[in-house]
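Summary of the model geometry
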Amino acid sequence: LSLRSNFREIVLRDEFIKSVLKINLTDDGQEWLTDKQLVQIYDDLLAEPYPNLLAANMAIHELITKKTIVVDCNELTGEQFVKVKLIDFDNILANSFIAINQFRIDTIGTDKSFIIPDIVLFVNGLPLVVIECKDFDVANPIYEAVTQIQRYANQREATKLAGLREG
């Protein structure tokens, strides 16, 4: 199961919302984010138009590590402009860890209609690691895996020169 409603989704929405709620607690351990705030955080995370994959990765890294997502109000405590954690770095075990095998992603507007990374690792519903597995009898498995990852990221030079989009 891919834990999403369609193959265009790259973030596991339900897992993201459940996990972000669980790791953002008041000092006395109460969940404080509202359903509306959680959906807004999710929507904001995905709505940002990034010019390329590197810019998207840098922006998401900043959000994850610097806790720069802010909600207007903690309705439980009345605190204003509260930073929201997407990953709990202080209590790693509070996070959700999921690995999905053969994680198909539809790539609309590209020369291939979809890609299927071998394994994608998610933390709190966010895809953080792609693993491409190659058979041991391939002549150069590391080269083949790197080439495959470059295809997923639309980073192969020959493809760019041909004016094509792959991933």
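Notes on the structure in this doc start here. As the structure is a prediction and not an experimental result, all values here were calculated from the model. Think of each chain on its own: its residues are numbered from 1, step by step along the sequence as written. Reporting of local features is limited, given that this is a predicted model, to residues whose pLDDT is at least 70; pairs of side-chain atoms are given and counted only at 80 or more, and all residues count toward the totals for whole chains, interfaces and linings. With hydrogens and water excluded, all non-hydrogen atoms of the structure serve as input to the side-chain values.

**Re unusual backbone geometry**
The backbone phi angle of Phe81 is positive, close to 50°, even though this residue is not glycine. By the secondary structure assignment, Phe81 is in strand β2 (residues 80-84). Looking at Phe81, the relative accessible area reads 59%, which means it is exposed. Only DSSP runs of H or I reaching four residues or more are called helices, and only runs of E reaching two or more are called strands; each is numbered from the N terminus. For each residue, the accessible area found with a 1.4 Å probe, counting protein chains only, is set against the maximum for its type, and the residue is called buried under 20%, exposed over 50%, and partly exposed in between.

**Digging into the environment of Pro141**
Summarising the element assignment, Pro141 is placed in helix α4 (residues 141-152). Pro141 sits 43 residues away from Ile98 along the chain, and the two C-alpha atoms are 25 Å apart. Setting aside anything within four residues of it in sequence, one finds Pro141 in contact with Lys134 and Asp135. Here, two residues are considered to be in contact whenever any of their heavy atoms come within 4.5 Å of each other.

**Some points on the pairing of strand β6 (residues 119-123)**
Two elements, strand β3 (residues 97-101) and β6, share five bridges in a ladder whose sense is antiparallel. Each bridged residue has a counterpart across the sheet, and for Asn101 the counterpart in β6 is Ile119. Should DSSP find at least two bridges between two strands, the strands are taken to pair. Sheet topology places β6 next to strand β7 (residues 126-131); five bridges connect them, and they run antiparallel. When the bridges of β7 are listed, Val123 appears paired with Leu126. Here β6 folds back onto β7, and the loop between the two strands holds two residues, one of which, Asn124, carries a positive phi near 55°.

**Observations regarding helix α1 (residues 13-23)**
Inspection of α1 places Glu15, Phe16, Ile17, Ser19, Val20, Leu21 and Ile23 among the buried residues, and these make up the whole buried set. Buried-residue contacts for α1 involve α2 (35-47), β2, β3 and β7.

**Regarding the packing of aromatic side chains**
Think of it this way: a Phe, Tyr or Trp ring, Trp meaning its six-membered ring, pairs with another when their centres are within 6.5 Å, and the plane angle makes it stacked under 30 degrees, edge-to-face over 60, tilted otherwise. Counting across every chain of the model gives two aromatic pairs. Measuring from centroid to centroid gives 5.8 Å for Phe16 and Tyr42, while their planes differ by 55°, and the two rings are tilted. Residue Phe16 is found in helix α1, and its partner Tyr42 is found in helix α2; the two are separated by 26 residues along the sequence. As far as burial versus exposure is concerned, Phe16 and Tyr42 are alike and both buried. With a centroid separation of 5.1 Å and 65° between ring planes, the pair formed by Phe103 and Phe122 is classed as edge-to-face. Separated by 19 residues along the polypeptide, Phe103 in the loop between β3 and β4 (105-106) and Phe122 in strand β6 bring together distant segments of the chain. Phe122 shares its class with Phe103; the two are buried. Consider the ring centre and the ring normal. A charge sits over the ring if Lys NZ or Arg CZ is within 6 Å of that centre and within 35 degrees of that normal. Its end group placed over the ring of Phe103, Arg4 keeps NZ or CZ at 3.7 Å from the ring centre. The cationic tip of Arg104 hangs over the ring face of Phe114; the distance from NZ or CZ to the ring centre is 4.0 Å.

**So, the pattern of salt bridges**
Where charged atoms from two side chains of opposite charge come close, those side chains can pair. When a carboxyl oxygen of Asp or Glu lies within 4 Å of a side-chain nitrogen of Lys or Arg, that pair is called a salt bridge. Enumeration over the complete set of coordinates arrives at five salt bridges. Among the ionic pairs, Arg104 bridges to Asp106, the shortest N-O distance being 2.8 Å. A relative accessible area of 21% places Asp106 in the partly exposed class.

**As for the nonpolar core**
Formed by 22 residues in total, the largest nonpolar core has its most connected members in Phe16, Leu33, Ile41, Val84 and Leu86. Each residue touching Phe16, except ones within four places of it in the same chain, is listed here: Val11, Ile41, Tyr42, Leu45, Leu86, Asn124, Gly125 and Leu126. Buried Ala, Val, Leu, Ile, Met, Phe, Trp, Tyr and Cys residues that are joined via side-chain atoms within 4.5 Å together make up what is termed a nonpolar core.

**Overview of the sheet that holds β7**
The strand order across the open sheet formed by three strands is β3-β6-β7, and the pairing between neighbours is antiparallel. Two strands bound the open sheet, and with one partner strand each, they are β3 and β7. Here the strands of the sheet are splayed against their neighbours by 25° on average, with no regard to which way each runs. Working convention: axes come from line fits to C-alpha atoms, limited for helices to the stretch in contact. Angles between N-to-C directions cover 0 to 180 degrees.

**Things to note about the packing of α1 against α2**
Orientation of α1 relative to α2, taken along the N-to-C sense of each, is 125°, at an axis distance of 10 Å. One finds that α1 runs oblique with respect to α2. In the crossing of α1 with α2, the sense of the turn from one axis to the other is right-handed. Together, Arg13, Phe16, Ile17, Val20 and Leu21 of α1 and Leu38, Val39, Ile41, Tyr42 and Leu45 of α2 make up the contact between the two elements. Each angle gets one of four labels, with under 35 degrees taken as roughly parallel, over 145 as roughly antiparallel, 65 to 115 as roughly perpendicular, and the rest as oblique. With the far helix as reference, a near helix turned anticlockwise by less than a right angle produces a left-handed crossing, and one turned clockwise produces a right-handed crossing.

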